Amino acid sequence: VVTDGRKQISIPHGSEVMSKITTMGCALNGVIGAFCVGQQPFESTVAALTYYGIAGEVAEQNSKGPGSFWVAFLDALASLSGDYVSLRSEATIDGN
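Here's what I pulled together on the structure shown here. (Residues numbered from 1 in each chain as written. Predicted model: local features only at pLDDT ≥ 70, side-chain atom pairs only at ≥ 80, totals over all residues. Heavy atoms only, no water.)

On a plain count of helices and strands, the chain comes out with four helices and three strands. Along the chain, from the amino end to the carboxyl end, the secondary structure elements read β-β-α-α-α-α-β. In summary, the chain has a C-alpha radius of gyration of 13 Å against a globular reference of 12 Å for 96 residues, a match within 12%. Counting all 96 residues of the chain, 39% fall into the buried class. Put simply, 69% of the contacts in the chain that link residues at least 6 apart link residues at least 24 apart. Accessible surface, the chain: about 5,800 Å² in total, of which carbon and sulfur atoms supply 55%. The positive charge centre, built from 5 side chains, and the negative charge centre, built from 9, are 3 Å apart in the chain. (Helix = DSSP H or I, 4+ residues; strand = E, 2+ residues; numbered from the N terminus. Rg over C-alpha atoms; globule rule 2.2 N^0.38 Å. Buried < 20%, exposed > 50% of the residue type's maximum accessible area, 1.4 Å probe, protein only. Contact = heavy atoms within 4.5 Å. Areas by Shrake-Rupley, 256 points an atom, 1.4 Å probe, with all protein chains shown as cover. Lys, Arg positive; Asp, Glu negative; His and termini not counted. Charge placed at Lys NZ, Arg CZ, Asp CG, Glu CD.)

The next point concerns the side chain of Thr45. Inspection of the secondary structure assignment puts Thr45 in helix H2 (residues 41–61). Within the structure, Thr45 has its side chain in polar contact with the backbone oxygen of Pro41 (distance 2.7 Å). Setting aside its immediate chain neighbours within four residues, Thr45 contacts Val2, Ile32 and Cys36. (Polar contact = N/O pair within 3.5 Å; in protein donor to acceptor, adjacent residues only side chain to side chain.)

Have a look at this one:
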């Protein structure tokens, strides 16, 4: 869930394997930062979290455990298109 105090958006993406890899949170901060450069922070953060979560889902399909997941995740980050993420996104607005 992402909120700016007024809007709240649920982003139901990711993989449970992500919680088993120590660097996933640090890498996420870098991705959020990259998405936010010169853009609106709230919308950019939502986009970054959606992209990151979908990359995790793709990586899970292409891996056998945490080690191969990390490599598959990096490949997914490098190869996902904006169109693909938009098609896969299940993010929903909660409330106003």
